[in-house]
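Listed below, chain by chain, are the residues.
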Amino acid sequence: MILNGPGISFTEPDIGAEFVPPLPEHPREKIVALCRHLTNRTLGKGNLLPYEYWAFEGVTTDEMADVLLKLKVRRPYTFEEVRRATGLSAEVLGPLLDEMSEIGLLEYNWENPTRTKQWVSPILVPGSAEFLNMRWEQMMEHPATAKFFEQASKGPLSRITPMVPPGGAGIGMHVIPVEQAIETENRSVSIEHISHWLDKYDGKYAASPCSCRMSRTVLGEACGDDPADWCIAVGDMADYVVETGKGGRYITRDEVMEILKKAEDNGFVHQITNIDGENKIFAICNCNVNVCYALRTSQLFNTPNLSRSAYVARTEAESCVACGRCVEVCPAGAVKLGQKLCEKATGKVPAYPKQELPDAVKWGPEKWSPDYRNKNRIETYDTGTAPCKTACPAHIAVQGYLKLAAQGRYTEALALIKRENPLPAICGRICNRRCEDACTRGRVDEAVAIDEVKKFLAERDLDAETRYIPPKVVPRVAGAFDEKIAIIGAGPAGLSCAFFLAERGYRPVVFEKSARPGGMLTYGIPSYKLEKNIVEAEVAVIEALGVDIRYGVEVGRDVTLADLRAQGFRAFYVAIGCQAGRLPGIPGESAAGATTAVDFLRGVAEAQLGGGAAPALDGRTIVVGGGNVAIDAARTAARLGSPHVEMFCLEQEAEMPASAEEVREATEDGVAISHGWGPAEVRAGEDGRVREVVFRRCVRVFDDEGRFAPVYDDAELRTVAADRVIFSIGQSIAWGSLLEGTRVVRGRGGAAEADAKTYQTAEPDIFVGGDVYTGPKFAIDAIAAGHEAAVSLHRYVQGATLTIGRNPRVYRELDKDAADLSSYDTASREQPATEAHLGRDTAPFRAYTGTFTEEQVKTETARCLGCGASVVDENKCIGCGLCTTKCAFDAIHLHREHPEASTMIKYEDKLPAIGKYALKRAIKIKFGKK
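Quick notes on the rules
- Residues numbered from 1 in each chain as written.
- Predicted model: local features only at pLDDT ≥ 70, side-chain atom pairs only at ≥ 80, totals over all residues.
- Heavy atoms only, no water.
- Helix = DSSP H or I, 4+ residues; strand = E, 2+ residues; numbered from the N terminus.
- Buried < 20%, exposed > 50% of the residue type's maximum accessible area, 1.4 Å probe, protein only.
- Polar contact = N/O pair within 3.5 Å; in protein donor to acceptor, adjacent residues only side chain to side chain.
- Contact = heavy atoms within 4.5 Å.
- Phe/Tyr/Trp six-rings, centres within 6.5 Å; stacked < 30°, edge-to-face > 60°.
- Lys NZ or Arg CZ within 6 Å of the ring centre and 35° of its normal.
- Disulfide = S-S within 2.5 Å.
- Pairing = 2+ DSSP bridges.
- Axes fitted to C-alpha atoms, helices over the stretch in contact; angles between N-to-C directions.
- Salt bridge = Lys/Arg side-chain N within 4 Å of Asp/Glu carboxyl O.

Asks: Give me the lowdown on the side chain of Arg213, citing residues and values where you can.
Replies: Looking at where Arg213 falls in the secondary structure, it is placed in helix H10 (residues 211–218). Exposure remark for Arg213: the relative accessible area of 2% places this residue in the buried category. A distance of 2.9 Å separates a polar side-chain atom of Arg213 from the backbone oxygen of Asn286. Beyond its immediate sequence surroundings of up to four residues, Arg213 is in contact with Asp225, Asp226, Pro227, Trp230, Phe268, Asn286, Cys287, Asn288 and Val291.

Structure (structure tokens):
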């Protein structure tokens, strides 16, 4: 069955085909014979395939081929037996066996009563195709070996996979669960425990490179992990990988446990070799599903029998809070987010679909999942999940941290927030709360005060004694990465990116042209909303992770991108924001006393940061604009003493872009708002200062398609006296010389153009994010963008694919209209206390809104309806147990439902096992339900 060519991809992209030329007109006869001798295809064994030929041809001399052709596959031979079989002298044979072992054409062990060294011609996978991919230099010289491994671990299985019984029938690898997930399972058997195998091979362990990770790297599909040390060879294989120069190193049992723990932290699946029966393995691997060929056998062909352990995961809905940690880590895409709420129509929770299995139906390419690495990352069922997580741009596990807070587990709650948002104290004060807008509780009475709970939890970060610094989860056994990454701009996008890179093991350097971090958080948001010490405390946590922030450095002026490349920086994240204001282009706009809101707010902030106070304002202040920034400027002017502050905006009250809460607070501060007016002219007095502003009536702001296209009635004008005018009609990007000499394209509004998923620009090592890419948005949008950029930057500097197997971060909201909410009683929303004495007259720039008390947190979190839940598709679950390691609520467990999957048989006995199962399956297909 050849579905694609020339490299044969079996419905997957044909990666590495360029390394496999057509077969030569006159191929080397001994290599042809060797391919036929070693091929382990059940069907089509006589076919000569180019990837097999060129892989062996590149590394095998005729003399080596002669030796291999004389040896039966998987039969051990002592040195004397090999000498007799080949007729070679000891002087010739000894070095030749050593060389072939180093190449990977032979393996050796001492598995006999006299512990005599013996050589084995291995099968292809796990075997020689894998061993040929364990030395980087060899693969680079002969990249056809990478294609060989990729195909040999797939092609031979393309027709037989549906007929493989649970346990794998002596084929490939076998998932072994996380030990802690089955410690209390009294039905488990010894071979299901990693400790059993460590005991069996006590004292004989070696960490060696992962051949899957290395092979995929050569083929252009690296996942970003460092390949070194993830494969743990045991017993005689440990000696083999050390002695043959395959990058192996002996390790202790404690070191084995450390590697296994790192693997679990990273979401890597434990697998053991499965071709020698239940008494022998030769490796414990820690596999990333994005590159692993062993996991591919079950995921590509949708045949979990090839991988699964004896266990299956199930969630306990009453305990699950849809935090999504189990979903994020599941390699098989078996766990997805659904809902707990019953539907009005049925009175039940929605029924969730299950993956079809080949047990009783015909199976072919139409049933496969060639895009499994991406499909397995889809996190939500089509019917949707909790609206709060869905609506949040960063997709914070709101329901999860509310439940932890309700239980008084405040540090754990903060840790869960920081999985997605490193600036919770900031967002608890200034977020636009899309989670609350979407909250299902709002259909009963009022939305849960989500941000107030977050603010309470994040108070812990304001004290060095209680702040939460997350542990680093590095996909590298040796520890931190050495690659240098530069982040330009210390606003929310840049800080977020730095945080997530540091958490992954990098030491990013942030270049910030200002004297303080935070960008518009520091220089654009007034202190009465966000006090500067809050920003400083959040940044201190980021610095404690190892981030280096260099202040007063403007890239493009003080140092160029070329300079930084010369210093060894491998990639750049440009997140300088929109820190310049726009002018309306009307007469008189440059008069003294006319400014932009961005410059006005920055001037006030700089004065306060300098230890003093901003100068008091007298006279009339006119603010032009109707957004939240305009509100900030107006309220700041009022709090600086301006006796008359009035906003003029194009929109009518219902159309204003500013939130209703912001408008209310501005009114409380004495700001007047006039709707339906646009600026026409600024008039100055003889001293050149603003004297008055002329406005014209705006009769319509948006056209019929909803686009901004204001229409004016120039016959209706209004002239107002003014001592200053502040324009808040938009923001722009001050690029300076930053992008000089680069291929970065700037589009509408001067924003950088980039890939919408990866944020990579036309200059491959430059990524952008936040307002400099999207235009002005909210802090939480920039935080989410920084997180995604960190994923891209990690993959880029590691030479990995930027997209394959990447979490798309796309969530669906459950249908609130269809949910049965009739059983919930109404309960009033808690309100934080306010310190009225810190009003605009006594302490105008102190935050006067308090934080919830513990009692309020318990009361408010009890209002959460617990909309979401994780749901396991047991047909897709491979029983690895990783989900259980991530759950903070003990809501997901492994159950031993498939004991037959622990049946380990020898490779030589595969056909009887497959034949027996295939017959049962054929009977089911023929006589089963139609």
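Now that the structure has been shown, the text picks up again.
Asks: So what's going on with the packing of aromatic side chains? Residues and values would help.
Replies: If you walk through the whole model with that rule in mind, you get 21 aromatic pairs. Consider the rings of Tyr410 and Phe456, whose centres lie 5.1 Å apart with planes at 75°: the pair is edge-to-face. Placement of Tyr410 in helix H18 (residues 410–417) and of Phe456 in helix H21 (residues 450–458) is noted, with a sequence separation of 46 residues between them. Ring geometry for Phe499 and Phe500: centres 4.9 Å apart, planes at 85°, overall edge-to-face. Among the aromatic residues, ring-to-ring pairing joins Phe79, Tyr108, Trp110, Trp119, Phe131 and Tyr240 into one connected group. The ring of Phe569 is capped by Lys484, whose NZ or CZ atom sits 4.5 Å from the centre of that ring. The ring centre of Tyr528 lies 4.4 Å from the NZ or CZ of Arg639, which sits over that ring.

Asks: Tell me about the state of the cysteines, residues and numbers included.
Replies: Going through the model one piece at a time under the given rule, you end up with zero disulfides. Note on Cys427: no disulfide assigned, nearest cysteine sulfur contributed by Cys431 at a separation of 5.1 Å.

Asks: Describe the sheet that holds strand S24 (residues 724–727), and please don't skip the residues or the numbers.
Replies: Here five strands make up an open sheet; going across it, the order is S17-S24-S18-S19-S20 and the pairing parallel. Sheet topology places strand S17 (594–596) and strand S20 (672–675) at the edges, where each strand pairs with a single neighbour. The sheet shows a mean angle of 20° between the axes of neighbouring strands, taken without regard to direction. The sheet contact formed by strand S19 (residues 644–649) and S20 spans four bridges and is parallel.

Asks: I'd like to hear about the sheet that holds strand S14 (residues 548–551), residue by residue, with values.
Replies: Spatial strand order, S14-S13-S12-S15-S26: five strands in an open sheet with parallel pairing. Each having just a single partner strand, S14 and strand S26 (766–768) make up the two edges of the open sheet. Strand-to-strand twist of the sheet, defined as the mean angle between neighbouring strand axes without regard to direction, takes the value 20°. Summarising the sheet, strand S12 (residues 484–488) and strand S15 (residues 569–574) pair through five bridges and their orientation is parallel. Bridge pairing in S15 links Ile487 to Tyr573. Helix-sheet contacts for helix H22 (residues 492–503) involve S12, strand S13 (509–512), S14 and S15, and the interaxial angle to S12 is about 160°. Most of the contacts of helix H30 (residues 779–797) go to S15, to which it runs at about 160°, and overall it touches S12, S15 and S26.

Asks: Lay out the pattern of salt bridges in plain terms, naming residues and giving numbers.
Replies: Taken as a whole and judged by the stated rule, the model has 72 salt bridges. For Asp239, the salt bridge identified is with Lys204, shortest N-O distance 2.8 Å. Of the two residues, Asp239 sits in helix H11 (residues 236–243) while Lys204 sits in the loop between helix H9 (194–200) and strand S5 (205–208), which places them 35 residues apart along the sequence. In this structure Lys204 comes out as partly exposed when scored by relative accessible area, which is 25%. The partner of Glu436 in a salt bridge is Arg829, and the shortest N-O contact between them spans 2.9 Å.

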